[in-house]
Every structure is written in structure tokens, then in C-alpha cells.
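Notes for the structure review
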Amino acid sequence: INAEYMGINEPKVSISSEVNENELDRAKEIYLPEGEIEPTLEWVPSESESSEEDTPNPTKHKKSNGFFKLFEKIPFKSKVLQPDDIEPLLIQMRERLVTKNVAPEIADKICESVKSNLVGTTLGGLNKLSTKVREAMEQALVRILTPKVDINILRGVDKARRERRPYTIVFCGVNGVGKSTNLAKICYWLKHNNLKVMITACDTFRSGAVEQLRVHSRCLDVPLFERGYNKDAANIAAEGIAQGKKEGMDVVLIDTAGRMQDNEPLMRSLSKLININDPDLILFVGEALVGNDAVDQIVKFNGCLRDLSDKPVPRLIDGIVLTKFDTIDDKVGAAISMVYSTGQPIVFVGVGQTYTDLKKLNAAVVVDHLLC
């Protein structure tokens, strides 16, 4: 019987930093940037994304085979657009969005938004039409990607400091999405904002999980609170937070076991951890490459947390960390679907392997990928 589900109280294990030195050297080569690089969350587009500006400009698109090639066969002259005029275009637009992994029902809503913005508009010539359609699509997509709730971690940390306690972040998600690595990236960013950070290892289920965090903690030069395996994750989190407060930590980052959304015992364990410890922030780590499967994952995670909570107002996922965002290609639409389906913002995107490869989502970049 796994002791994690029996609530067995074990003696507290002290903060640990033991790790094989050869393994540590290899990890530093992989994760640490050359030299002491200040992390920046601002998105700097690659040459393939933009050679001039971050903000898309319809007059500067160079790809002749992109989305606006659809307009070449549209014989509009100057006129006031009616619904029947743009219906064929909307059908092609919807197909384009779905091929980019925007969920069909969300593609329908985007097209409806574009239609409502265009009907009744006076257009003159092909260029004017393409410009107006692009503007309407940008507005619809940016509106979806713009957070309804501002998640400002540094402001939250400052508030927790005034309350003389550490700011706590729980990381959850399915197996193999880079949860521990992206936790470490966020730790690196927090450290470079002059904050004292502790990592708490609450994945007591997967063999090697604690050792992986131990390597990251040594690379980052931050303490790791761990109690090994087959223990109650909720209790470890509570003790880690208490230790963090005692040590004067500003932030405690809590790693949890990767779990499939239909694994009830592990989902119940996660719910217990959240209910007992009431973290300041719950981040779902999802992989951009799986496309709309990530949407299903986060929706079911939230459903389980809601159903298993013992609180009148259940704590659900607050935000999303989307990993492998630099390799998504035609799956970029999953970002739109995840935000629309949950109403929660994408707080960070992972764009590489080193600790500095962490960015804020640039809505304009997503729009460009969808329309190119």
C-alpha cells in the first residue's frame, strides 16, 4: 500500500543538496546559460517571426502562400459588406484555424466575431479588405489571449513578504511535460529578481523525481526540501512551507507528481495538497506539442479539483505554463483553445532548454503563426 494515500506521518527530512558531481556538471552544461545572463521575459522574435517589429503589420507580410492568399479570388469592389458577401471567406477562415489546432467550436466563435466586425463596413479594393479582415481577426484573437485576471507574481511575493510568509506556487500537470524543468526556469527568474527561493519535492510517486529536483537545486544554488518517496504529499508541502517561513524564504515552489487527468488516486492526492496548503498560485504545466489534448487535460484537471474539493469555493488552476512553445508549428492554435476553454491566462511559455528560455506569451506572435 502506498503510504502517500494513508496520511502516514514520517520524521521530517532536512534540506538536502547531495548529488553526483559528474551528473551536476552535465546538468550545468544543459541548463545554465553561458555566463551570468539576466533572464528577460520579453519575447524577442526570431527572424522567421519578424524582421522589423513584434506587432503584426498586414502591409509587411511577405509570405505569398499565407492566409491572405485566400483573398486573391474575391472580386469585391467598393461596397458595404453584407453577411452573404463574407460567408465563403469565413468558411475558409474556419478551416484555416482548425488546421492550426484551434478547437472547432472556438474557431466558430472567432469567425462570428470577425463577421460581426465586418458586416456593414464599407470596403474598397483587395488591400482594404485584407487589412480589415486581419484587423478583425487580430482583435478577436488578442481578446482571447489577453488575461482577464492579471497574474503578477512579483507583486504577490511583495504582498506575502509584508504578511511575513513565503509566496507559494504549486506546479501540476500530466507526466513528461517538463514540469520540473520549467519550475527550475521560474526559480532562476525569481532568483534574478533578488528573491530567496526554496523548492519542495512533493512528487513522492515517480522514481527519480526527487533526484531530478536535487540536481536543479544544486545548479540554481537554492535549498531543496524533500522527504523521499511514498509519503503524504500534502504533509510534505505543509512542512516545506513551514521550513521556508522559518528560513526566511520569499518563495516556495512546490513540485507535484505528474498524473493523468483520469487517475483518481493521484488527483485526490493533488486536491488534498491544495486544500490543506491553499497555495497563492496553482500553475498547470502543459505541452504545446500535444495540441488540443492539452485542452482536454486542463479541463479535466479543473473538473477533478472542483469535484474533490471540500471547500465551498474550490481552488482551481490559476494559470498555464505552456512548454516547448518554440516547436509548435501548426499546433499554435492550442494556446487559443486552452485560454478560451479555461478562462485562465498563459503565464509563461517555455522556448528552449536553458533556464533563460522562459518568456511571457506574446499574443502578436500567436496571431502571426495562425495567419501565416
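Above: the structure in question.
Residues numbered from 1 in each chain as written. Predicted model: local features only at pLDDT ≥ 70, side-chain atom pairs only at ≥ 80, totals over all residues. Heavy atoms only, no water.

**Comments concerning the overall build of the protein**
Defined as follows: A run of H or I in DSSP becomes a helix once it reaches four residues, and a run of E becomes a strand once it reaches two; helices and strands are each numbered from the N terminus. Any two residues whose heavy atoms approach within 4.5 Å are treated as being in contact. Calculation of accessible area relied on Shrake-Rupley with a 1.4 Å probe; when residues are assessed, cover is drawn exclusively from the protein chains displayed.
Looking only at helices and strands, one finds twelve helices and ten strands in the protein. Restricting to contacts in the protein with at least 6 residues of sequence separation, those with at least 24 account for 80%. Surface exposure of the protein reaches about 17400 Å², of which carbon and sulfur atoms provide 48%.

**Regarding the side chain of T200**
Note that T200 resides in strand 4 (residues 197–202). Excluding residues within four positions of it along the chain, T200 makes contact with F225, I236, A237, G240, V252, L253, I254 and D255.

**Looking at the sheet that holds strand 9 (residues 346–350)**
Strand pairs in the sheet, formed through backbone hydrogen bonds, run parallel or antiparallel to each other. Heads up, the rule is: Paired strands, in this sense, are two strands between which DSSP finds at least two bridges. Only the stretch in contact is used when fitting a helix axis, every axis being a line fitted to C-alpha atoms; angles between N-to-C directions are given from 0 to 180 degrees.
Strand order in the open sheet formed by eight strands is 5-4-6-3-7-8-9-10, with mixed pairing between adjacent strands. The strands lining the two open edges of the sheet, one partner per strand, are strand 5 (224–225) and strand 10 (358–359). As paired elements, strand 3 (residues 167–172) and strand 6 (residues 251–256) share five bridges and run parallel to each other. Its bridge partner being in strand 6, T168 is matched across the sheet by V252. Seen against the sheet, helix 6 (residues 179–191) touches strand 3, strand 4, strand 6, strand 7 (281–287), strand 8 (319–323), strand 9 and strand 10 and runs at an angle of roughly 175 degrees to strand 6. Across the sheet, helix 11 (residues 333–342) is in contact with strand 7, strand 8 and strand 9; its angle to strand 8 comes to roughly 165 degrees.

**Thoughts on the pairing of strand 3**
In plain terms, the rule: For each residue, the accessible area found with a 1.4 Å probe, counting protein chains only, is set against the maximum for its type, and the residue is called buried under 20%, exposed over 50%, and partly exposed in between.
Summarising burial for strand 3: six of the six residues are buried, a large majority. Burial along strand 3 is two-sided: the residues Y167, I169 and F171 and T168, V170 and C172 are all buried. Looking at chain direction, strand 3 and strand 7 are connected through four bridges and run parallel. Within strand 7, the residue paired with F171 across the bridge is L283.

**Quick word on the packing of aromatic side chains**
As a reminder of what qualifies: Working definition: rings of Phe, Tyr and Trp (its six-membered ring) pair if their centres are within 6.5 Å, and the pair is stacked with planes under 30 degrees apart, edge-to-face with planes over 60 apart, and tilted otherwise.
Overall, the coordinates contain four aromatic pairs when judged by the stated rule. Ring geometry for Y31 versus Y355: centroids 5.5 Å apart, planes at 10 degrees, classification stacked. Residue Y31 is found in helix 1 (residues 21–31), and its partner Y355 is found in the loop between strand 9 and strand 10; the two are separated by 324 residues along the sequence. Just as Y31 is buried, Y355 falls in that class too. Here the aromatic cluster, defined as three or more aromatic residues joined through ring pairs, consists of Y31, Y188 and Y355.

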